[in-house]
Amino acid sequence: MPLKARIMNPTFGTQRQLSTDAGIPRELPGDEPDDVLFNTIYGVRTIELNRPKKLNSLNGSMIRKILPRLKEWEKSQLANVIVMKGAGRALCAGGDVAAVAQQNQEGPEGQQKSKDYFALEYKLDHLIATYSKPYVAFMDGITMGGGVGLSIHAPFRIATEKTVFAMPETTIGFFPDVGASFFLPRMDGQLGTYLALTSEQLKGVNVFYNGIATHYIDSTSLPDLEARLSELVFKDYDDIQERYRVITSTIEEFVTGLPTERDQATQIPSDTRKAIDRCFSRSSIDEILSELDQLSQTEGGLRDWASKTRTTIMQRSPTSVKVTLEQMRVGEQWNIAQAFQHEHNIASKFMEHHDFTEGVSALLIRKPKEKPVFQPQTLEEVDNGSVRDFFAQRPRLLLLNTKLGSDYNVYPHAWIGLPREEEVRKVVEEGNKTAEEVVMHFVQMKEGKQGVKEKVTEILKRHAEARDNDFVTWVQ
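Definitions and limits used
- Residues numbered from 1 in each chain as written.
- Predicted model: local features only at pLDDT ≥ 70, side-chain atom pairs only at ≥ 80, totals over all residues.
- Heavy atoms only, no water.
- Buried < 20%, exposed > 50% of the residue type's maximum accessible area, 1.4 Å probe, protein only.
- Helix = DSSP H or I, 4+ residues; strand = E, 2+ residues; numbered from the N terminus.
- Pairing = 2+ DSSP bridges.
- Right-handed = clockwise from strand over helix to strand, strands pointing away.
- Axes fitted to C-alpha atoms, helices over the stretch in contact; angles between N-to-C directions.
- Parallel < 35°, antiparallel > 145°, perpendicular 65-115°, else oblique.
- Left-handed = near helix turned anticlockwise from the far one by under 90°.
- Contact = heavy atoms within 4.5 Å.
- Expected span 1.5 Å × (residues − 1).
- Phe/Tyr/Trp six-rings, centres within 6.5 Å; stacked < 30°, edge-to-face > 60°.
- Core = buried A, V, L, I, M, F, W, Y, C linked by side-chain atoms within 4.5 Å.
- Arc of directions from axis to C-beta.
- 1 Å grid on protein atoms, 1.4 Å probe; cavity = no way out; pocket = protein on both sides within 12 Å on 5 of 7 lines; lining within 4 Å.
- Points joined across faces, edges and corners; volume = space filled by probe spheres on them.
- Nonpolar A, V, L, I, M, F, W, Y, C, P; charged D, E, K, R; others polar.
- Salt bridge = Lys/Arg side-chain N within 4 Å of Asp/Glu carboxyl O.
- pLDDT = per-residue confidence, 0-100.

1. Focus on the pairing of strand 3 (residues 44-49)
Burial runs high along strand 3: 6 of the 6 residues are buried. Where burial is concerned, the two faces of strand 3 agree: the one with Val44, Thr46 and Glu48 and the one with Arg45, Ile47 and Leu49 are both buried. Pairing of strand 2 (residues 36-41) with strand 3, which is carried by 6 bridges, proceeds in the antiparallel orientation. Among the inter-strand pairings, Thr40 is bridged to a residue of strand 3, identified as Arg45. Between strand 2 and the antiparallel strand that follows it, strand 3, lie 2 residues; Tyr42 among them carries a positive phi value of about 50 degrees. Bridge count for strand 3 against strand 4 (residues 81-86) is 6 bridges, and the pairing is parallel. Looking across to strand 4, one finds that Thr46 is bridged to Val83. Assessed by its sense of winding, the connection that carries the chain from strand 3 through helix 3 (residues 60-75) to strand 4 is right-handed.

In structure tokens form, the structure reads like this:
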């Protein structure tokens, strides 16, 4: 039976505990006592978000419990693996933006509280992204916004048939945060930009195929996986990469095959993926919309997709759309620390902007919900200067982890997931391989990992052409 946050450690939040960790928050009067549950199972330490009626939406009370516990476990020789999970049908559906929007209506003082909330959230997300111990996120159920921040930067991200992923921020007059500046531009092709601008959802095994998750297992296997992880014993001299390898092979013990098209939509159709890369590679939102408009007037299966996608973007906050596109273009150059620091500047600017409070109030607070009235109301009215203002300030957010390796440009655990498009391209361009040989190269390199064959085959379908000798060449 999991013990509750306040009971687990009677000195939790005391000055004595905080004295060696400057900047680590402690609980405040009025924080909910049971919104996060912690448990110990041999070498596993679990964090269970426990606001199921609110889909575990993340608030300051929860963060103030999780951060000190992660720092405590980081020092413990008895804590081998951290597991993040959620009660009910969500890992976490996002930050508690309704509470933030209500604070903003109090004026500058309330807006500052909101800025402080995002600072706290991003510090937690960066700590997870640079954590020194294996961290496993069960992305079982709804995983959006703030829930993505608790999971996407982890070395192990488990998707199930219940997983629903999205970054829906432009819908409410905000921007994709929680480190999205880092992970979305690094997704294959232009998929990250597409997800950022449209808030489109990925579900089930598609979350795995597109690199959001590193593994896919049935949700009924999660309790057994957690129990199995608790039995792992590492050698003292095992480095973090060796521990990752042990955990990877342990998770693979629980895979039971991938769903078929009959069970659920699997991979995004190749024609749609090609269209995403073509349309969303454009440098301006006007050019993206023009590409979609042209495609919506053609015959074929992409016409409806293009029309729907264009309509979706036009319904979003114009300011959010333009800021988000700029974020996707410059974020590729930011390291993991800079991503969170710049995002705090952008989030702070949005706390002072009309669209965030209006979007959240119209869609989440006012009953019945209404269509938000954004200002400006059209993309044409959002000038480049106002977009640049969101990126003008120098990064000032002080992160908790400033050790060597806390500012990487590539995830140090990227090898755990499925092969990326860029990896496949390099192997193809080495030459003298058939499509089948390319697939087998990655299957062997990944030691038979589930999903590798399907993922590489789909990439080759879009980007490879066979010559007369059956060797493939790479095409854009």
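After that view, the rundown keeps rolling.
2. Focus on the packing of helix 19 (residues 421-429) against helix 20 (residues 435-445)
Two numbers describe how helix 19 lies on helix 20: the axes approach to 10 Å, and their chain directions differ by 125 degrees. On the basis of their axis angle, the class for helix 19 and helix 20 is oblique. Considering only the axes of helix 19 and helix 20, their crossing is right-handed. Of helix 20, the residues touching helix 19 (which contributes Glu423, Val424, Val427 and Val428) are Val438, His441, Phe442 and Met445.

3. Some thoughts on helix 14 (residues 302-315)
Each α-helix turn comprises 3.6 residues. Residues three or four places apart therefore point the same way. Given a rise of 1.5 Å per residue, 14 residues ought to cover 20 Å, and the 20 Å separating the end C-alpha atoms of helix 14 matches this to within 8%. Those residues of helix 14 that are buried lie in contact with helix 8 (191-198), helix 12 (270-279), helix 13 (285-296) and helix 15 (318-331).

4. Describing the packing of aromatic side chains
Going through the model one piece at a time under the given rule, you end up with 17 aromatic pairs. Ring centres of Phe182 and Tyr411 lie 4.9 Å apart, and the angle between their planes is 75 degrees; on these two criteria the pair is classed as edge-to-face. Of this pair, Phe182 sits in helix 7 (residues 180-183) while Tyr411 sits in the loop between helix 18 (384-389) and helix 19; the two residues are 229 residues apart in sequence, bridging distant segments of the chain. The two residues Phe182 and Tyr411 agree in class, both being buried. Judged by centre distance (5.9 Å) and plane angle (55 degrees), the ring pair of Tyr408 and Tyr411 falls under tilted.

5. Concerning the nonpolar core
One finds Ile47, Leu70, Phe174 and Phe280 to be the most contacted residues of the largest nonpolar core, which totals 116 residues. The dominant element in this core, judged by the number of residues it contributes, is helix 5 (residues 108-129), at 9 residues. Core analysis: the next-biggest nonpolar cluster, separate from the first, contains 18 residues, Val81, Ile158, Ile247 and Ile251 among them.

6. What about helix 10 (residues 222-230)?
Listing the buried residues of helix 10 in full gives Leu222, Leu225, Glu226, Leu229 and Ser230. Burial along helix 10 is one-sided: seen end-on, the buried residues are contained in an arc of 140 degrees.

7. Thoughts on empty space enclosed by the protein
With the rule as written, the count across this model stands at 1 cavity of 30 Å³ or more. Taken as a whole, the largest cavity spans an internal volume of roughly 60 Å³. Taken together, Asp188, Tyr209, Asn210, Gln267, Ile268, Arg273, Glu421, Lys455, Glu458 and Arg462 make up the lining of the largest cavity. In the lining of the largest cavity, the residues fall into 2 nonpolar, 2 polar and 6 charged.

8. Considering the pattern of salt bridges
Per the stated rule, a full pass over the model turns up 28 salt bridges. Residue Glu200 pairs with Lys308 through a salt bridge whose shortest N-O separation is 3.5 Å. Taken together, the positions of Glu200 in the loop between helix 8 and strand 10 (202-203) and Lys308 in helix 14 put the pair 108 residues apart, joining distant regions of the chain. For Lys308, a relative accessible area of 48% corresponds to the partly exposed category.

9. Remarks on unusual backbone geometry
The omega torsion across Lys367 and Pro368 is -5 degrees, close enough to zero to call that bond cis. With respect to the helices and strands, Pro368 occurs in the loop between helix 17 (354-365) and helix 18. The omega torsion of the bond from Gln375 to Pro376 falls at -5 degrees, within 30 degrees of zero and hence cis. Looking at the secondary structure, you find Pro376 in the loop between helix 17 and helix 18. Non-glycine residue Asn432 carries a positive phi angle of around 60 degrees. Of note, Asn432 is situated in the loop between helix 19 and helix 20. In the Ramachandran plot, Glu447 falls in the positive-phi region, its phi being about 55 degrees despite a non-glycine side chain. Along the polypeptide, Glu447 turns up in the loop between helix 20 and helix 21 (452-463).

10. A few points about the confidence of the model for the chain
Put simply, the chain has an average pLDDT of 93, and 94% of its residues get 70 or more. Low pLDDT, under 50, characterises residues 1-20; the predicted model gives this stretch 41 contacts beyond four residues in sequence or across chains.

11. Focus on the layout of surface pockets
Leftover empty space is mapped by rolling, across the atoms, a probe with the size of a water molecule. Put simply, the largest pocket is a space of about 1,000 Å³. Lining of the largest pocket is provided by 43 residues; of these, Arg186, Met187, Asp188, Gly189 and Arg420 occupy positions nearest its centre. Counting residues per element, the lining of the largest pocket draws most heavily on helix 19, at 4 residues. For the lining of the largest pocket, a count of residues per class yields 16 nonpolar, 12 polar and 15 charged.

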